[in-house]
Amino acid sequence: KAGVTQTPRYLIKTRGQQVTLSCSPISGHRSVSWYQQTPGQGLQFLFEYFSETQRNKGNFPGRFSGRQFSNSRSEMNVSTLELGDSALYLCASSPAQGPLRATEAFFGQGTRLTVV
Amino acid sequence: AQSVTQLDSQVPVFEEAPVELRCNYSSSVSVYLFWYVQYPNQGLQLLLKYLSGSTLVKSINGFEAEFNKSQTSFHLRKPSVHISDTAEYFCAVSGYRGGADGLTFGKGTHLIIQP
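Thresholds applied
Residues numbered from 1 in each chain as written. Chains lettered and ligands numbered in written order. Predicted model: local features only at pLDDT ≥ 70, side-chain atom pairs only at ≥ 80, totals over all residues. Heavy atoms only, no water. Helix = DSSP H or I, 4+ residues; strand = E, 2+ residues; numbered from the N terminus. Rg over C-alpha atoms; globule rule 2.2 N^0.38 Å. Buried < 20%, exposed > 50% of the residue type's maximum accessible area, 1.4 Å probe, protein only. Contact = heavy atoms within 4.5 Å. Areas by Shrake-Rupley, 256 points an atom, 1.4 Å probe, with all protein chains shown as cover. Lys, Arg positive; Asp, Glu negative; His and termini not counted. Charge placed at Lys NZ, Arg CZ, Asp CG, Glu CD. Pairing = 2+ DSSP bridges. Axes fitted to C-alpha atoms, helices over the stretch in contact; angles between N-to-C directions. Phe/Tyr/Trp six-rings, centres within 6.5 Å; stacked < 30°, edge-to-face > 60°. Salt bridge = Lys/Arg side-chain N within 4 Å of Asp/Glu carboxyl O.

Participant: Could you give an account of the overall build of chain B, with specific residues and numbers?
Facilitator: Looking only at helices and strands, chain B features zero helices and 12 strands. For chain B, the α and β elements follow one another from N to C terminus as β-β-β-β-β-β-β-β-β-β-β-β. The globule rule puts the C-alpha radius of gyration for 115 residues at 13 Å, and the 14 Å found for chain B is close to it. Referenced to the eigenvectors of the C-alpha coordinate spread, the extents of chain B come out at roughly 45 × 30 × 25 Å. With 115 residues in all, chain B has 46% of them scored as buried. Within chain B, contacts between residues at least 6 apart in sequence are counted, and of these 59% link residues at least 24 apart. Carbon and sulfur atoms provide 51% of the accessible area of chain B, an area that totals close to 5600 Å². Looking at chain B, you have 8 positive and 9 negative side-chain charges, and the mean spots of the two groups are 10 Å apart.

Here it is in structure tokens:
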């Protein structure tokens, strides 16, 4: 069974640009969550999607958005990039919904975004 | 809301020695508890989790963690470490009734195994 696939693995963008990251969950998983990992702030929850609907959102500005498609694949978009957006962006998929989703979260390898 | 404190940012230990990575949490609701491991340039892998029942949980590679409700702790231990255990370890919690913030992680502890 294939794991969570995130593309691209590495990305370099310029300040002010926008970027789209992709996450393909494990087959059959309908819940997808996104996290930002930085040396200063650690791992922070961005948002969660289930059945194409955003269920939860972390404390991030509106420049960070996402969506989920009918095949459960998810994308996140960051507009007007800032230097501080440089981070490892991790996606996690789960077969469960609600509180149990965290108990069965499988993470991808992440997309390393560098903003210059 | 929940918070997680990992008391040590870095723990150096000699190969074959025992190790303990400390984790304390704060929450107004009952929680599930997790330890994840991250190797360089990799995502997170679940090491072990406490959902309910026995407070001592074990992983397949020799790690164990004990849930202590009175001390709100979930320390990770291994009696004898190997070079391959060198990695970043994250403690995490999730509210029993779900919540708006997904998994809440600690800042991580870098376990450095010295030969």
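Participant: Describe the environment of B:Gln114, naming the residues involved and giving the relevant values.
Facilitator: Residue and element names in this part refer to chain B. By secondary structure assignment, the location of Gln114 is in strand E12 (residues 109-114). By relative accessible area, which is 30% here, Gln114 ends up partly exposed. Spatially, the C-alpha atom of Gln114 lies 5.9 Å from that of Val13, the residues being 101 residues apart in sequence.

Participant: Give me the environment of B:Lys78: which residues, what numbers.
Facilitator: All names here are of chain B. Structurally, Lys78 can be placed in strand E9 (residues 73-78). Lys78 sits in the buried class, given a relative accessible area of 10%. Spatially, the C-alpha atom of Lys78 lies 5.7 Å from that of Pro18, the residues being 60 residues apart in sequence.

Participant: Which residues make up the sheet that holds strand E3 (residues 19-24) of chain A, and what are the values?
Facilitator: All names here are of chain A. Taken together, the four strands give an open sheet; going across it, the order is E1-E3-E8-E7, and neighbouring strands pair in antiparallel fashion. Strand pairing shows two members of the sheet lacking a second neighbour, strand E1 (5-7) and strand E7 (64-68), which therefore form its edges. For this sheet, the mean inter-axis angle between neighbouring strands, taken without regard to orientation, is 20°. Bridge analysis of E3 against strand E8 (residues 74-78) gives five bridges, and the strand direction is antiparallel. Looking at the pairing, Ser22 lines up with Glu75 of E8.

Participant: How would you explain the packing of aromatic side chains if you had to name every residue and give the values?
Facilitator: Here the structure, examined in full by the defined rule, presents 13 aromatic pairs over all chains. Between A:Phe60 and A:Phe64, the ring centres sit 5.2 Å apart and the planes meet at 65°, which makes this aromatic pair edge-to-face. Here the two residues A:Phe60 and A:Phe64 agree in accessibility, since each one is buried. Here A:Phe107 and B:Phe105 contribute two aromatic rings whose centre-to-centre distance is 6.3 Å and whose plane-to-plane angle is 75°, an arrangement assigned as edge-to-face. Here A:Phe107, found in strand E10 (residues 106-107), pairs with B:Phe105, found in strand E11 (residues 104-105), and the two come from separate chains. Since its relative accessible area comes to 8%, B:Phe105 is described here as buried. Among the aromatic residues, those joined into a ring-pair cluster are A:Tyr35, A:Phe45, A:Phe107, B:Phe34, B:Tyr36, B:Phe90 and B:Phe105.

Participant: Mind laying out the pattern of salt bridges, listing which residues take part and the relevant values?
Facilitator: Pairing is possible between side chains of opposite charge, provided their charged atoms come close. Counting across every chain of the model gives seven salt bridges over all chains. Between A:Glu75 and A:Arg67 there is a salt bridge; the shortest N-O distance is 3.3 Å. The class of A:Arg67 is partly exposed, set by a relative accessible area of 46%. The shortest N-O distance in the salt bridge between B:Arg77 and B:Glu20 comes to 2.8 Å.

Without other data, these values stay purely geometric and don't point to any function.
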